[in-house]
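So you can see what is in the structure, the chains are spelled out below.
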Amino acid sequence: MIENLLPNVDWEKMWEATLETLYMSAMATGFTFVIGLALGILLFLTSPHQLWANKMVYWLTGAFVNIFRSIPFIILIILLIPFTKFLLDTIRGANAALPALIIGAAPFYARMVLIALREIDKGVIEAARSMGARTSTIIWKVLLPESFPALLSGLTVTAVALVGYTAMAGIIGAGGLGNLAFLDGFQRSREDVTIVSTIFILVIVFIIQWSGDAITSRSDKR
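Fair warning: this is a prediction, and the values are worked out from it, not measured in the lab.

Caption draft 1: Quick look at the side chain of threonine 156. Considering the arrangement of structural elements, one finds threonine 156 in helix H8 (residues 135-169). The residues contacting threonine 156, other than those within four sequence positions of it, are Ile208, Gln209 and Gly212.

Here it is as structure tokens:
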């Protein structure tokens, strides 16, 4: 019955493409979280009236974040082809998509981290400073715990965006469901392949969003 409705769908290829999409999304989300968190904390601490207030560092970090989060992802992939080639000696496959995915998403998440940290009650930070807490203590014991729900919510949004980015990366041969939908579906006029690939992407997005919302809700003690 399914074969009659979807005659062009190769389920083995579909499963392989799904695993590639999951791999790219998971790896990119992990690196994005670490890099974006570091950039966001640096932006917050070097902003005016904060612990490491420094106009030059704040401006340079902010410029880096603003530039890379403003470049459309499909253009960013093309711009990073020489860098990807130098780094991995190839521009095809799931691993080749990771540099563009991470560089495209980390600045976006950094801004969300900055917004989350700015929502922390200043009195909590001042109380920690007045007790002589070191900067590292303030980061690990105050900033991160107080902003944890917002950080998780931002990471969920970023992870969903990364799934979409992997689909765009597939157009230039990065693999995954986007690649399958474009090459096997669109270019060969196989609408069933395109539709099934899209459905699989939607399922992944819904699972990420539901899981992220559930974890965020449990972690929010307010």
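Alright, that's what it looks like, and here's the rest.
Caption draft 2: View of unusual backbone geometry. With a phi close to 70°, histidine 49 is a non-glycine residue in the positive phi region. Take histidine 49: it is sitting in the loop between helix H2 (11-46) and helix H3 (55-70). The phi dihedral of aspartate 89 is positive, around 65°, even though this residue is not glycine. Relative to the helices and strands, aspartate 89 resides in the loop between helix H5 (81-88) and helix H6 (94-118). Overall, the relative accessible area of 59% leaves aspartate 89 in the exposed class.

Caption draft 3: Focus on the packing of H6 against H8. Interhelical geometry of H6 versus H8 gives an angle of 150° and a closest axis separation of 9 Å. If you check the angle between H6 and H8, you find them roughly antiparallel. Judged by the sense of rotation from one axis to the other, the crossing of H6 with H8 is right-handed. Contacts between H6 and H8 involve Ala97, Leu101, Gly104, Ala105, Phe108, Tyr109, Met112, Val113, Ala116 and Leu117 on the former and, on the latter, Leu143, Ser147, Ala150, Leu151, Gly154, Leu155, Val157, Thr158, Leu162, Tyr165, Thr166 and Ala169. When the residues that make up the contact of H6 with H8 are grouped by side-chain class, the tally is 17 nonpolar, five polar and no charged.

Caption draft 4: Up close: the nonpolar core. Of all hydrophobic cores here, the largest spans 23 residues; its most connected members are Ile41, Phe44, Leu117, Ile125, Leu143 and Leu151. Listed by contribution, the elements that provide at least two residues to this core are H2, H6, helix H7 (122-130) and H8. Beyond its immediate chain neighbours, meaning those up to four positions away, leucine 143 contacts Phe44, Leu45, Leu117, Ile120, Ile125 and Ile138.

Caption draft 5: Just the pattern of salt bridges, in detail. Across all of its chains, the model carries two salt bridges by this definition. The partner of glutamate 126 in a salt bridge is arginine 129, and the shortest N-O contact between them spans 3.6 Å. Pair noted here: glutamate 126 and arginine 129 are both in helix H7, with a separation of three residues, about one helical turn. For glutamate 126, a relative accessible area of 44% translates into the label partly exposed.

Caption draft 6: Region of interest: empty space enclosed by the protein. Taken as a whole, this structure holds one cavity of 30 Å³ or more when the rule is applied. Lining the largest cavity are 14 residues; nearest its centre among them are Ile77, Ile91, Ala96, Ala97 and Ile172. Residue assignment for the lining of the largest cavity shows that the elements contributing at least two residues are H5 and H6. The element contributing the most residues to the lining of the largest cavity is H6, with three residues. The class makeup of the residues in the lining of the largest cavity is ten nonpolar, three polar and one charged.

Caption draft 7: Expanded view of the side chain of threonine 158. With respect to the helices and strands, threonine 158 occurs in helix H8. Judged by its relative accessible area of 2%, threonine 158 falls in the buried class. Those residues in contact with threonine 158 that lie beyond four places of it in its chain are Thr32, Ala105, Phe108, Tyr109 and Met112.

Caption draft 8: Representation of the packing of H2 against H6 within the structure. Where H2 contacts H6, the two axes come as close as 6 Å, and the packing angle between them is 40°. One finds that H2 runs oblique with respect to H6. H2 and H6 meet at a crossing whose hand is right-handed. The class makeup of the residues in the contact of H2 with H6 is 24 nonpolar, four polar and one charged.

Caption draft 9: Quick peek at H3. End to end, H3 covers 22 Å across 16 residues, agreeing with the expected 22 Å (1.5 Å per residue, within 8%). Every buried residue belonging to H3 is among Thr61, Gly62 and Val65, and all of these are buried. Looking straight down H3, one finds its buried side chains confined to an arc of 100°; they lie on one side. Summarising the geometry of H3, the exposed residues directed more than 90 degrees from the buried face are Lys55, Met56, Trp59 and Ser70. Taken together, the buried residues of H3 touch H2 and H6.

About the criteria used
Along every chain, residues carry numbers that run from 1 in the direction the sequence is written. In keeping with the predicted nature of the model, local features appear solely for residues at pLDDT of at least 70, side-chain atom pairs appear and are counted solely at 80 or more, and the whole-chain, interface and lining totals rest on all residues. Processing note: side-chain calculations cover all non-hydrogen atoms of the structure and skip hydrogens and water entirely. Helix and strand definitions here come from DSSP, where helices need a minimum of 4 consecutive H or I residues and strands a minimum of 2 consecutive E residues; each element is numbered from the N-terminal end. In what follows, residue pairs with any heavy atoms lying within 4.5 Å of each other are defined as contacts. Summary of the burial criterion: residues with accessible area below 20% of their type's maximum are buried, those above 50% are exposed, and those between are partly exposed, where the area comes from a 1.4 Å probe applied to protein chains only. Helix axes use the C-alpha atoms of the stretch in contact, all axes being lines fitted to C-alpha atoms, and the angles between their N-to-C directions lie in the range 0 to 180 degrees. Angle categories: roughly parallel below 35 degrees, roughly antiparallel above 145, roughly perpendicular from 65 to 115, and oblique for all the rest. Should the near helix be turned anticlockwise from the far one by less than a right angle, the crossing is termed left-handed; should it be turned clockwise, right-handed. Gly is put with the polar residues, along with every residue not named as nonpolar or charged; the nonpolar set is Ala, Val, Leu, Ile, Met, Phe, Trp, Tyr, Cys and Pro, and the charged set is Asp, Glu, Lys and Arg. By convention a nonpolar core is built from buried Ala, Val, Leu, Ile, Met, Phe, Trp, Tyr and Cys residues, the set being connected through side-chain atoms within 4.5 Å. For salt bridges, the criterion is a side-chain nitrogen of Lys or Arg within 4 Å of an Asp or Glu carboxyl oxygen. Method remark: on a 1 Å grid restricted to protein atoms, a set of points is classed as a cavity if a 1.4 Å probe fits but cannot get out and as a pocket if it is open with protein on both sides within 12 Å along at least five of seven lines; lining residues have an atom within 4 Å of a point. Grid points are joined across faces, edges and corners, and a volume is the space filled by probe spheres set on the points. One less than the number of residues in a helix, times 1.5 Å, gives the span that helix is expected to have. In this context, the arc is that of the directions from the helix axis out to the C-beta atoms.

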